[in-house]
Structures are given as C-alpha cells and as structure tokens.
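Architecture at a glance
These are the residues of each chain, in order.
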Amino acid sequence: MPDKPSIVAVGAHAADMEFSAGAALLKHAQAGWDAHVIHLTLGEKGSATLSPEAYGAQKRAEAEAAAAVLQATPHFLPFADGELFATEDAALAVARILRQVQPQVVITHWRESIHSDHTAAYEIARRAMFLAGIRHFDLDGLPPMRWARLYFADNWEDPDHFRPYHFLDITAVMEQWKAAFDCFAIGRGEGGFPYWDWYQARTRLHGIALRTGHAMAFAVDEARMIQQRDLL
Ligand SMILES: [Zn+2]
C-alpha cells in the first residue's frame, strides 16, 4: 500500500488534464502527494498537418515534459482519439492503475461535453472507480481501492451544466502551470485555440470570487453537495 496520499487525473486526451487540472496536481505534489495523469488517448488526430502517428509521438513527448513540470507521473493507455468508448476494457485498464496507485482523490471530465471522447472518459472513470473498489472483482491480484473523492475539472469543452463547487487557490503555481501549457504546441496557441487565454481568464474569474489571484474550480456529484452546520 503506498505510504503517501495520491491524486489521479483521468483525461480523454493528452493535455486535457494538464490544462484543466494541472495546477491542482502540482499543488498536491508540492504538499507531498503522489500525482498521476492517465491519458486514455494521446489526442493524436488533432493536427491539421501531421499524421496521427507523427502527432501522437509528439503529444506523448509533450505530455511527458508537462508531467515533469507538474511533478506528476503520466500513464498512457492505448485507446484511439475520436474513437473512445466506455468499454469494459477501458474501465478495467483504468481500474488496474487505480488499484496500484490507491488514490484519495480522482479528477476526470465533467459528464456533459461537446466532445464524445470526454463523455466516454467520464463514464470510464466512474466505472473504473467502481471496479477498483469492489473486492470481488479480481484485477491481477491487486488490492481493492479504498473510497476516493471524485471531482470534475473545469474544461472549455465540457461547459453544459458545469457548476463550480470546490475552489483551489492556485496563485502560487501559475508560473509552473503556464510552463506545462508551453510544453504542448496547442498550449502555445499553435493549434488555433487560445487555451492559455481561456484557462488563465477562467481561473482569474474564480480567483476574483475568492478574493485571491487565480483559482481552479471543480464540480462534484450533487449527492456530495452537503455541508453540516450546528447553526445557520
Ligand atoms: Zn480532450
């Protein structure tokens, strides 16, 4: 059983979790946690000029560089960009990693997205947590995962009904988070979409709500939106 607490982000494409949750991963790593990113696909079909093979190799190298900046361990699963489905194989592949890592916190995509790979990633992560936690599913003899808190990241492609609920002050790690964006061609704006502008503006708005510099927001299941008080 790992002796440090750990946090795992499960993303559809390399870059999804570095952009939408990277600052949170780094904050936990700096606090002594083990941080991990699971890439279900490389996002290899995202280039207008490169073949999926060439761009996949580039994305993998970019994700490895970004993980080093964020002090996280990357895990690459062999599924295909644009063809990600919530299959049992995919859930089992993620569940095996969850049992090895034994995370206290899991982050993944919000359930509603304009990208079907993202909604598949949400379903895969949920099913993987279920499979990892049930002791009667044998996964290569790995011990069952204890209960972990599930959070959904604030992603520009997953906005419908996304309700920010938990906010992390990320002001102190903005420089390193930007450095992780810069590891990716798309993070440098070369793909046409201004990723950094969106994420820095979004986290600045959340920061204003918190009366700080920048903040990263996460949604949770409605069942977890309960707070006990002695008096109102
Ligand atoms: Zn994506």
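All of the points below concern the structure found in this document. This structure is a prediction, so every number in the text was calculated from the model and none was measured. (Residues numbered from 1 in each chain as written. Predicted model: local features only at pLDDT ≥ 70, side-chain atom pairs only at ≥ 80, totals over all residues. Heavy atoms only, no water.)

Let us now look at the packing of helix 3 (residues 88-101) against helix 4 (residues 116-133). It is the contact of helix 3 with helix 4, at a shortest axis distance of 8 Å, that shows an interaxial angle of 55 degrees. Our classification of the angle between helix 3 and helix 4 gives oblique. Helix-helix and strand crossings are classified by hand; for helix 3 and helix 4 the assignment is right-handed. The segment helix 3 lies against helix 4, with E88, A90, A91, L92, V94, A95, L98 and R99 engaging I124, R127, A128, M129, L131 and A132. (Axes fitted to C-alpha atoms, helices over the stretch in contact; angles between N-to-C directions. Helix = DSSP H or I, 4+ residues; strand = E, 2+ residues; numbered from the N terminus. Parallel < 35°, antiparallel > 145°, perpendicular 65-115°, else oblique. Left-handed = near helix turned anticlockwise from the far one by under 90°. Contact = heavy atoms within 4.5 Å.)

Turning our eyes to something else, we now look at helix 1 (residues 16-30). Between the first and last C-alpha of helix 1 there are 21 Å, a value that for 15 residues agrees with the 21 Å anticipated at 1.5 Å per step. The largest bend along helix 1 reaches roughly 70 degrees and is located at G22. Of all 15 residues in helix 1, 13 are buried; the element is thus mostly enclosed. After helix 1 finishes, the residue G32 shows a positive phi value of roughly 100 degrees. (Expected span 1.5 Å × (residues − 1). Bend = angle between axes of the 7 residues up to and from the residue. Buried < 20%, exposed > 50% of the residue type's maximum accessible area, 1.4 Å probe, protein only.)

Now for the sheet that holds strand 3 (residues 72-76). An order of 3-2-1-4-5-7-6 is seen for the seven strands of this open sheet, with the pairing classed as mixed. The sheet is open, and its two edges are formed by strand 3 and strand 6 (166-169), each paired on a single side. The mean angle between the axes of side-by-side strands here comes to 30 degrees, regardless of whether they run parallel or antiparallel. Running over the sheet, helix 4 touches strand 1 (6-13), strand 2 (34-41), strand 4 (105-108) and strand 5 (149-153) and is turned about 145 degrees from strand 1. Relative to the sheet, helix 6 (residues 195-210) contacts strand 6 and strand 7 (215-219), its axis offset from that of strand 7 by approximately 95 degrees. (Pairing = 2+ DSSP bridges.)

The next point concerns the side chain of S20. Structurally, S20 is set in helix 1. You can call S20 buried: its relative accessible area is 2%. Within the structure, the side chain of S20 is placed 2.8 Å from the backbone oxygen of D16, a separation counted as a polar contact. The residues touching S20, leaving out its near neighbours within four places in the chain, are A153, D154, N155, Y199 and M216. (Polar contact = N/O pair within 3.5 Å; in protein donor to acceptor, adjacent residues only side chain to side chain.)

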